[in-house]
Amino acid sequence: MQDVTLLHGDGIGPEVIAATLKVLDAAGAQIRWHDFKAGQEAVDAGNDFLPKAMLESIAETGVCLKGPITTPIGGGFPSVNVALRKRFDLYANLRPVYNLPNVPSRFQDVDLVVVRENTEGLYSGIEHEVVPGVVESLKIASEKACRRIAHFAFEYARRHGRKRVHAIHKANIMKLTDGLFLRCAREAAQEYPDIQYGEAIVDNACMQLVMKPHQFDVLVLENLYGDILSDLCAGLVGGLGLVAGANLGEKHAIFEAVHGSAPDIAGRGVANPTAVMMAAEMLLRHIQQPEAAERLRQALLAVYRAGEHLTRDVGGTANTAEFTEAVLRALPQ
Ligand code: NAI
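Conventions and cut-offs
Residues numbered from 1 in each chain as written. Predicted model: local features only at pLDDT ≥ 70, side-chain atom pairs only at ≥ 80, totals over all residues. Heavy atoms only, no water. Helix = DSSP H or I, 4+ residues; strand = E, 2+ residues; numbered from the N terminus. Buried < 20%, exposed > 50% of the residue type's maximum accessible area, 1.4 Å probe, protein only. Contact = heavy atoms within 4.5 Å. Lys, Arg positive; Asp, Glu negative; His and termini not counted. Charge placed at Lys NZ, Arg CZ, Asp CG, Glu CD. Pairing = 2+ DSSP bridges. Axes fitted to C-alpha atoms, helices over the stretch in contact; angles between N-to-C directions. Near = heavy atom within 4 Å. Polar contact = N/O pair within 3.5 Å; in protein donor to acceptor, adjacent residues only side chain to side chain. Areas by Shrake-Rupley, 256 points an atom, 1.4 Å probe, with all protein chains shown as cover. Nonpolar A, V, L, I, M, F, W, Y, C, P; charged D, E, K, R; others polar. Phe/Tyr/Trp six-rings, centres within 6.5 Å; stacked < 30°, edge-to-face > 60°. Lys NZ or Arg CZ within 6 Å of the ring centre and 35° of its normal. Arc of directions from axis to C-beta. Domains from an automatic or database assignment. Salt bridge = Lys/Arg side-chain N within 4 Å of Asp/Glu carboxyl O.

## Describing the overall build of the protein
Here is step 1: When helices and strands are tallied, the protein shows 11 helices and 12 strands.
Here is step 2: Across its three principal axes, the protein shows a C-alpha extent of roughly 55 × 50 × 40 Å.
Here is step 3: Residues counted as buried form 53% of the 333 residues belonging to the protein.
Here is step 4: Relative to all contacts within the protein whose residues are 6 or more apart in sequence, the contacts with residues 24 or more apart total 74%.
Here is step 5: Measuring between centres, the 33 positive side-chain charges of the protein sit 4 Å from its 40 negative side-chain charges.

If you want it as structure tokens, here you go:
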């Protein structure tokens, strides 16, 4: 039995997490959950936006499954997501992107992995007003963080039989920050002669991705470019309901969907829980429960292959409950 911290999240979070818990249970996952609230829900209950007990739980269990959490725009408390990543030094955000059967999408056979630096860049949140009417936001890049994310990307490529790593940057304009990122990627590439190395300027990378995504395999990016290109890549394979992410540090890991709390469809029972289920699959592999992970994966694939109970975001008519029932029925015994 593995202890895992659970955050249900906001908006569609509780809906997709509840669906995922049912499937995990039926797949034979051996998990003891430790439930917590964070963000607005915690504030409404009179707590801090990052409750101390929740942080202690993640520190102890080392593993968390997290629903999406709303971040107030232009004021209010800071992003829970960014705070957790910084707090536990979850420096690598790993997002595999691949097509599922029967999902309408612009391309087939896309299979790439986004590796996003998760702790610095413009997400350092160091902003101030210089004089009235002029504000400044600092983009932080440290050699340590650039090196470790570059090594992570190459090491991941080697371990998972991937052929190529592309560093995505804007070092022509941000000569110091992105320049450092690129130098560290080039240095890491020297240590992995078995992996091909390529570079692309971020604007060109966007164009290349929407025209010829198959040329990419593993992408390594600083924080903001990684955030933006992850959603772009999700769009290549049918949308945000289908892509999961792992936030990984030396000692802790938080698994979640790439998507947010989707306030536009929250409470209607129509959200696609696939991304959180895929995040749960990654979690199961991380906690060394590969049999349950494989059962979950096979069930998801079977439901998509059959194509009869898909949710609206991918062209179907099923609601969250109907999709979840289909996954439960498809679980191998
Ligand atoms: P979003 O990802 O929540 O939604 C974008 C669009 O995709 C919406 O039309 C939504 O209905 C659709 N969508 C997303 N997930 C879906 C799913 N599972 N099934 C069906 N359709 C889905 O992005 P948005 O609207 O920009 O952000 C909403 C809130 O979520 C914001 O407060 C943002 O800060 C937060 N957020 C949180 C994240 C996290 O907790 N890791 C990640 C991204 C955003």
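## Examining the sheet that holds strand β2 (residues 31-36)
Here is step 1: With respect to topology, 10 strands assemble into an open sheet ordered β2-β1-β3-β12-β11-β4-β5-β10-β8-β9, the strand pairing being mixed. Each edge of the open sheet is held by one strand with a lone partner, namely β2 and β9 (196-201). Between one strand axis and the next, the sheet turns by 25 degrees as a mean value, whatever way the strands run.
Here is step 2: Sheet analysis places strand β8 (residues 164-169) next to β9, joined by 6 bridges and oriented parallel. Looking at the pairing, I168 lines up with A200 of β9.
Here is step 3: Contacts from helix α3 (residues 52-61) reach β1 (2-7), β2, β3 (63-66) and β12 (253-257), with the element oriented near 145 degrees to β1.
Here is step 4: Across the sheet, helix α7 (residues 202-211) touches β5 (111-117), β8, β9 and β10 (218-221), and the angle it forms with β9 is around 105 degrees.

## Some points on the site of the ligand
Here is step 1: Taken together, 21 residues sit near the ligand, with I69, G260, A262, D264 and N272 positioned nearest.
Here is step 2: E256 is positioned such that a nitrogen or oxygen atom in its side chain is 3.0 Å from a nitrogen atom of the ligand.
Here is step 3: Separating an oxygen atom of the ligand from a backbone N or O atom of G260 is a distance of 2.7 Å.
Here is step 4: Burial of the ligand by the surrounding chains reaches 69%, relative to a free accessible area of 810 Å².
Here is step 5: When its residues are assigned to classes, the shell around the ligand shows 9 nonpolar, 8 polar and 4 charged.

## Concerning the packing of aromatic side chains
Here is step 1: Counted under the stated rule, the structure contains 5 aromatic pairs.
Here is step 2: A centroid spacing of 5.5 Å and a plane angle of 20 degrees characterise the contact between F49 and F77, whose relative ring orientation is stacked. Of this pair, F49 sits in the loop between α2 (40-44) and α3 while F77 sits in the loop between β3 and α4 (80-87); the two residues are 28 residues apart in sequence, bridging distant segments of the chain.
Here is step 3: Owing to a relative accessible area of 14%, F77 belongs among the buried residues under this scheme.
Here is step 4: Between F154 and Y197, the ring centres sit 6.1 Å apart and the planes meet at 40 degrees, which makes this aromatic pair tilted. Taken as a pair, F154 in helix α5 (residues 143-159) and Y197 in strand β9 lie far apart in primary sequence, 43 residues in all.
Here is step 5: Members of the aromatic cluster, each reached through a chain of ring pairs, are F154, Y192 and Y197.
Here is step 6: R116 extends its terminal NZ or CZ atom over the ring of Y123, reaching a point 5.2 Å from the ring centre.

## A short note on α3
Here is step 1: Turning to α3, its buried residues number three or more, namely M54, L55, S57, I58 and T61. Along the axis of α3, the buried residues cluster in a sector spanning 160 degrees; they form a single face. Along α3, exposed side chains directed more than 90 degrees from the buried face belong to K52 and E60.
Here is step 2: At its buried positions, α3 is contacted by β1, β2, β3, α4 and β12.

## Focus: the domain arrangement of the protein
Here is step 1: As assigned here, the protein comprises domain 1 (1-92 + 241-333) and domain 2 (106-236).
Here is step 2: Using only C-alpha atoms to locate each centre, domain 1 and domain 2 end up separated by 25 Å.
Here is step 3: Opposite the 11 residues of domain 1 that make contact, domain 2 presents 13 residues.
Here is step 4: On inspection of domain 1 and its partner domain 2, the count reaches 1 salt bridge.
Here is step 5: With a closest N to O distance of 2.7 Å, D89 and R148 form a salt bridge.
Here is step 6: There are 6 residue pairs in polar contact (both at pLDDT 80 or more) connecting domain 1 and domain 2.
Here is step 7: Per element, the largest residue contribution to the side of domain 1 that touches domain 2 is 3 residues, and it comes from α4.
Here is step 8: For the side of domain 1 that touches domain 2, a count of residues per class yields 7 nonpolar, 1 polar and 3 charged.

## Focus on the environment of R183
Here is step 1: Within the element layout of this structure, R183 appears in helix α6 (residues 177-190).
Here is step 2: According to the relative accessible area criterion, R183 is partly exposed, its value standing at 37%.
Here is step 3: Between the alpha carbons of R183 and P96 there is a distance of 25 Å; along the sequence they are 87 residues apart.

## Focus on the environment of L229
Here is step 1: When you line up the elements, L229 lands in helix α8 (residues 223-236).
Here is step 2: It is 14 Å that separates the C-alpha atoms of L229 and N118, two residues lying 111 residues apart in sequence.
Here is step 3: In this structure L229 touches I168, V202, A205, C206, L209 and L221, once residues within four positions along its chain are discounted.

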